Amino acid sequence: MTNLLFGKKFENEFSWSKSRDAIFRECLRKYYFNYYGSWGGWRLDAPRKTRQLYILKKLINRYMWIGGVVHSCIERSLKNLRHKIKPLPVEKIIKITLDMMRADFASSRRKLYHQNPKTCALFEHEYDIEINDEDWKSIAWRVEKCLRNFYNSAVYQSLYDLPREYWLEIEELSSFMLDGIKVFVVLDCSYRTGGGFYIYDWKTGKNDEQDANIQLSSYALYAQQKWKADFKDINVTAFNLGDNTLYDIKLSDDLVRWVRAYIAGSVSDMKKLLRSQEKNEAEEQDFARTTNKRQCQTCNFKKVCINK
């Protein structure tokens, strides 16, 4: 599948990521809409349905909004630290963040994302879901709590005076090849010292140990390739900012083999549904809808899928 972007051929290449795997396991039709049906929807001359699927793909619910806001705020602070720019006081950071949330909320409520899909697009606004003021206030409260936990943490203090040359990646979309398949990763924060390599992943929702092991192990596989690191020197930690807890992954040969096998199996399952594996081409009818109707009610694509 190809498209043109700035006059150049832009191909929909097959790749793997933890988020892609999660959507595949949730609903095959949702997976198709997300990675194939919406492809090219950023173009103003895209077919109507393609454009609609692209806009719906960009929706986030209020809980995902928490994660995005918190990640963006921390990213700005860490990039400032890397460039030796002193971050603002915590109270100022929180005020600016909440002000930005109010602006994004107003934009989303007006559904301006239909004209500009890169702006805030809340699922609750697209589907006119009634959420009381107290629930919306709890979202802001959760963001504030996550930020206070981060900026008051020992992790942040350890990053504050980190020499510039120790920094590696902050929220960069990266990839590596695993058994011939491109695997995408985004390391929230990574650096190296004489004691090894350190990778952090910020969490704002519930923990799932198996999903965390898959995601964090893929980061370790990336570090091994990118920085020629030995597994014994790689430290990967999930920091749940809502609960203020740390989860350190215990890397081992058995875990790495299991994760590699898991990714290989996931890739195989995805490719089996393609009409052409070589061209990465798919057809909607080959991707069945989930039978879990509860999932349908919270799916971005329900207006183009249910009863169709």
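Rules and cut-offs
Residues numbered from 1 in each chain as written. Predicted model: local features only at pLDDT ≥ 70, side-chain atom pairs only at ≥ 80, totals over all residues. Heavy atoms only, no water. 1 Å grid on protein atoms, 1.4 Å probe; cavity = no way out; pocket = protein on both sides within 12 Å on 5 of 7 lines; lining within 4 Å. Points joined across faces, edges and corners; volume = space filled by probe spheres on them. Helix = DSSP H or I, 4+ residues; strand = E, 2+ residues; numbered from the N terminus. Polar contact = N/O pair within 3.5 Å; in protein donor to acceptor, adjacent residues only side chain to side chain. Contact = heavy atoms within 4.5 Å. Patch = residues over 30% accessible without salt bridge, like charges linked within 9 Å, V, L, I, M, F, W, Y side chains within 5 Å. Areas by Shrake-Rupley, 256 points an atom, 1.4 Å probe, with all protein chains shown as cover. Salt bridge = Lys/Arg side-chain N within 4 Å of Asp/Glu carboxyl O. Buried < 20%, exposed > 50% of the residue type's maximum accessible area, 1.4 Å probe, protein only. Expected span 1.5 Å × (residues − 1). Arc of directions from axis to C-beta. Axes fitted to C-alpha atoms, helices over the stretch in contact; angles between N-to-C directions. Parallel < 35°, antiparallel > 145°, perpendicular 65-115°, else oblique. Left-handed = near helix turned anticlockwise from the far one by under 90°. Nonpolar A, V, L, I, M, F, W, Y, C, P; charged D, E, K, R; others polar. Pairing = 2+ DSSP bridges. Phe/Tyr/Trp six-rings, centres within 6.5 Å; stacked < 30°, edge-to-face > 60°. Lys NZ or Arg CZ within 6 Å of the ring centre and 35° of its normal.

### Points about empty space enclosed by the protein
Thought 1: Counted according to the given criterion, the structure contains 1 cavity of 30 Å³ or more.
Thought 2: A volume near 110 Å³ is recorded for the largest cavity.
Thought 3: Along the wall of the largest cavity there are 14 residues; nearest its centre are C27, T290, C296, C299 and C305.
Thought 4: Looking at the lining of the largest cavity, the elements that each hand over two or more residues are helix 2 (28-37), helix 11 (293-297) and helix 12 (302-305).

### A look at the side chain of K203
Thought 1: With respect to the secondary-structure elements, K203 resides in strand 6 (residues 196-203).
Thought 2: Within the local environment of K203, its side chain forms a polar contact with the side chain of D201, the two groups lying 2.9 Å apart.
Thought 3: Of note is the side chain of K203, whose polar atom sits 2.6 Å from the side chain of Q215.
Thought 4: Leaving out residues up to four positions away in the same chain, K203 has contacts with Q215, A238, F239, N240, L241 and G242.

### Topic: a nonpolar patch on the surface
Thought 1: Taken together, L88, I96 and M100 make up a surface patch of nonpolar side chains, about 250 Å² in accessible area.
Thought 2: With respect to the helices and strands, I96 occurs in helix 5 (residues 90-109).

### Some thoughts on the pattern of salt bridges
Between side chains of opposite charge, pairing is possible as soon as their charged atoms come close.
Thought 1: For the coordinates displayed, the defined rule picks out 24 salt bridges.
Thought 2: A salt bridge links E124 to R62; the shortest N-O distance between them is 2.9 Å. On the criterion of sequence distance, the pair formed by E124 in helix 6 (residues 123-126) and R62 in helix 4 (residues 62-82) is long-range, its members being 62 residues apart. Grouping residues by exposure puts E124 and R62 together as buried.
Thought 3: Salt-bridge contacts for D286 lead to R275; the nearest nitrogen and oxygen are separated by 2.5 Å. With a gap of 11 residues between them, D286 in the loop between helix 10 (253-272) and helix 11 and R275 in the loop between helix 10 and helix 11 connect regions that are remote in the sequence.
Thought 4: A single network of salt bridges, built from pairs that share partners, joins K18, D21, R25 and D211.

### Some points on helix 10
Thought 1: The end-to-end C-alpha distance of helix 10 is 29 Å, a good match for the 28 Å that 20 residues give at a rise of 1.5 Å each.
Thought 2: Every buried residue of helix 10 is listed here: L255, V256, V259, Y262, I263, S266, V267 and M270. Taken down its axis, helix 10 places every buried residue within 130° of arc, on the same side. Turned more than 90 degrees off the buried face of helix 10, the exposed positions are D253, D254, R257 and K272.
Thought 3: Along its buried surface, helix 10 packs onto helix 1 (18-26), helix 2, strand 3 (172-178), strand 4 (181-187) and helix 9 (209-227).

### So, the packing of helix 4 against helix 5
Thought 1: In the contact formed by helix 4 and helix 5, the axes pass within 11 Å of each other and the chain directions differ by 135°. Here helix 4 lies oblique to helix 5, going by the angle between them. As helix 4 packs across helix 5, the resulting crossing turns out to be right-handed. Residue-level inspection shows W65, V69, C73, R76 and S77 of helix 4 in contact with helix 5, the latter providing I93, T97, M100, M101, D104 and F105.
Thought 2: A class-by-class count of the residues in the contact of helix 4 with helix 5 yields 7 nonpolar, 2 polar and 2 charged.

### With respect to the environment of W258
Thought 1: On the secondary structure map, W258 appears in helix 10.
Thought 2: Separated by 41 residues in sequence, W258 and S217 place their C-alpha atoms 9.8 Å apart.
Thought 3: For W258, the residues in contact, after removing those within four places along its chain, are Q210 and I214.

### Some words on the sheet that holds strand 5 (residues 189-193)
Thought 1: Read from one edge of the open sheet, 4 strands run 5-6-7-8, paired in mixed fashion. Either end of the sheet is taken by a strand with one partner, and the two such strands are strand 5 and strand 8 (245-248). The average angle at which neighbouring strand axes cross in this sheet is 25°, direction not considered.
Thought 2: Two elements, strand 5 and strand 6, share 5 bridges in a ladder whose sense is antiparallel.

### Re the packing of aromatic side chains
Thought 1: Enumeration over the complete set of coordinates arrives at 26 aromatic pairs.
Thought 2: With 5.3 Å between their ring centres and 50° between their planes, F33 and F301 make a pair best called tilted. Pair noted here: F33 is in helix 2 and F301 is in the loop between helix 11 and helix 12, with a separation of 268 residues, a long-range link. Comparing F33 with F301 shows no difference in burial state: the two are buried.
Thought 3: In textbook terms, an aromatic cluster arises when at least three aromatic residues are bridged by ring pairs, as seen for F24, Y31, Y32, F33, Y35, Y36, F287 and F301.
Thought 4: Looking at K271, its charged tip hangs above the ring of F14, at a distance of 5.2 Å from the centre.
Thought 5: Note that K303 overlies the ring of Y127, its terminal NZ or CZ placed 5.3 Å from the centroid.

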